[in-house]
Amino acid sequence: MAEFLKQSGFLGTHATMGADLSQLMATVFTTLFVIGWIHARQRKGHAHHWLMLSGMIAMLAFFTSYYLFRSLGVLAFEGKEGFGGSQELYNHVFIPLLTLHICLVIIGIVMAVYMIVLGFRSQAIVEGRRILRNELLQTSWGKVGKIFGSIAAVLIGLFLWRVATAGFSVRKLEVYLGFIILIGIVFSVEMAIQRIWPNAERRHRALGLFTMIVYCILFVTGTTTYTMLYILYPGKIG
Ligand code: HEM
C-alpha cells in the first residue's frame with residue numbers, strides 16, 4: 001500500500017498517487033459538505049443530517065488511514081527538499097500557508113467529531129421533520145467531568161495495554177497524553193461556548209457555520225499547497 005501511494009499520481013502533475021488521492025478526496029468531501037450545508041439552509045433536516053453524518057465519518061476514516069500509511073507530515077517535514085521555489089517564497093509564503101493548513105486540519109478534525117455529537121444533542125423529530133430544538137442545551141461540570149473521566153480511563157487502559165503488548169516509548173506516551181489533553185481542552189471550550197450560545201438551535205447554527213468556513217479555508221489552503229508543491233515549484237519529491 002505504501003509503495004502504491006508513492007507511485008506517480010493520476011492528475012498528470014508532479015504529485016504522487018497519495019497526494020493526488022488526498023486532493024481528490026478533499027474535493028469530494030468539501031463538495032459533499034457544501035451540498036449538506038445548502039440542504040440545511042433549505043430546511044431539509046433529514047438530507048442534511050445523513051450527508052453530514054456519513055460525510056464526516058467517511059472523511060475521518062479516509063484521512064486517518066491515509067496518514068497512517070503515509071505517516072503524517074511527509075509534506076511538512078520533507079522540508080525544503082520537496083519545494084522547488086526560492087528560499088524567500090519557502091519561508092514567507094509556503095511555510096506560513098502550510099502551518100495555517102495544519103492548524104486548521106486539527107481544528108477541522110475536532111469540529112467534525114464535535115458537530116456530529118452536537119447534531120444529535122440539538123435535534124428533534126417533529127411530525128416526521130428533523131429540526132433543531134429551540135431550547136436550552138446545557139451540561140453541568142459534574143456531568144462533563146464524568147464523561148471526560150470515562151474517556152480518559154479508556155485511553156489510559158488502551159495505553160497500558162499497548163505498553164504491555166508492544167513496549168513503552170516516549171512517543172506513545174506523548175500521543176496518548178496529547179489526546180487526553182486535547183479532549184480536556186475541547187470539553188472546557190464547550191463549557192464556555194454553552195454560556196455564549198445556551199440555546200441548542202443557535203449553538204448548532206453558529207458552530208456549524210464556523211465549521212463550514214474552516215472547511216472552505218482548508219480546501220483553499222490545501223489546494224494552494226498542492227499547486228505550489230506539485231505544479232508551480234516541484235522539488236525532489238514527486
Ligand atoms: C457534522 C457537521 C455539521 C455541520 C457543519 C452542520 C452545520 C449546520 C448549519 C450551518 C446549519 C444551519 C443552516 C442555516 O440555517 O443557515 C445546520 C442546521 C441543522 N443541522 Fe447541522 N451540521 C452538522 C451536522 C449535523 C448532524 C449530525 C445533525 C443531526 C444529527 C444535524 C442536524 C441539523 C438540523 C436538524 C438543522 C436544521 C435544519 C433546519 O433549519 O430545518 N446537523 N447545520
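Scroll up to find the structure this text is about.
A few points on the structure. (Residues numbered from 1 in each chain as written. Predicted model: local features only at pLDDT ≥ 70, side-chain atom pairs only at ≥ 80, totals over all residues. Heavy atoms only, no water.)

Quick word on helix α6 (residues 141-166)
The terminal C-alpha atoms of α6 lie 36 Å apart, and with 26 residues this matches the ideal 38 Å at 1.5 Å per residue to within 8%. Buried within α6 we find Val144, Ala152, Leu155 and Phe159. Residues of α6 that are buried in the fold lie against α7 (170-196). Downstream of α6 by a residue or two, Gly167 has a phi angle that is positive, lying close to 90°. (Helix = DSSP H or I, 4+ residues; strand = E, 2+ residues; numbered from the N terminus. Expected span 1.5 Å × (residues − 1). Buried < 20%, exposed > 50% of the residue type's maximum accessible area, 1.4 Å probe, protein only. Contact = heavy atoms within 4.5 Å.)

Some thoughts on the site of the ligand
Taken together, the neighbourhood of the ligand is formed by 22 residues, with Arg41, His48, His49, His204 and Arg205 sitting nearest. His48 is positioned such that a nitrogen or oxygen atom in its side chain is 2.8 Å from a nitrogen atom of the ligand. Note that a nitrogen atom of the ligand is positioned 2.8 Å from one of the side-chain N or O atoms of His204. One can see that the ligand is located within the second largest pocket. At the level of elements, α2 (17-41), α3 (45-70), α5 (87-122), β2 (129-132) and α8 (200-232) are the ones that each hand at least two residues to the shell around the ligand. Top element by residues in the shell around the ligand is α8. It accounts for six residues. Of the residues in the shell around the ligand, the class split is ten nonpolar, seven polar and five charged. (Near = heavy atom within 4 Å. Polar contact = N/O pair within 3.5 Å; in protein donor to acceptor, adjacent residues only side chain to side chain. 1 Å grid on protein atoms, 1.4 Å probe; cavity = no way out; pocket = protein on both sides within 12 Å on 5 of 7 lines; lining within 4 Å. Sits in = over half its atoms within 2 Å of the grid points. Nonpolar A, V, L, I, M, F, W, Y, C, P; charged D, E, K, R; others polar.)

As for the packing of aromatic side chains
Here the structure, examined in full by the defined rule, presents 13 aromatic pairs. Both rings, one in Phe29 and one in Phe33, keep their centres 6.4 Å apart while their planes meet at 20°; by these two values the pair is stacked. With Phe29 and Phe33 both in helix α2 and four residues apart, this pair spans about one turn of that helix. A relative accessible area of 1% means that Phe33 is categorised as buried. Classification of Phe29 as buried rests on a relative accessible area of 6%. Members of the aromatic cluster, each reached through a chain of ring pairs, are Phe29, Phe33, Phe62, Phe63 and Tyr215. (Phe/Tyr/Trp six-rings, centres within 6.5 Å; stacked < 30°, edge-to-face > 60°.)

Such coordinate-based values are descriptive only and should not be taken to indicate function.
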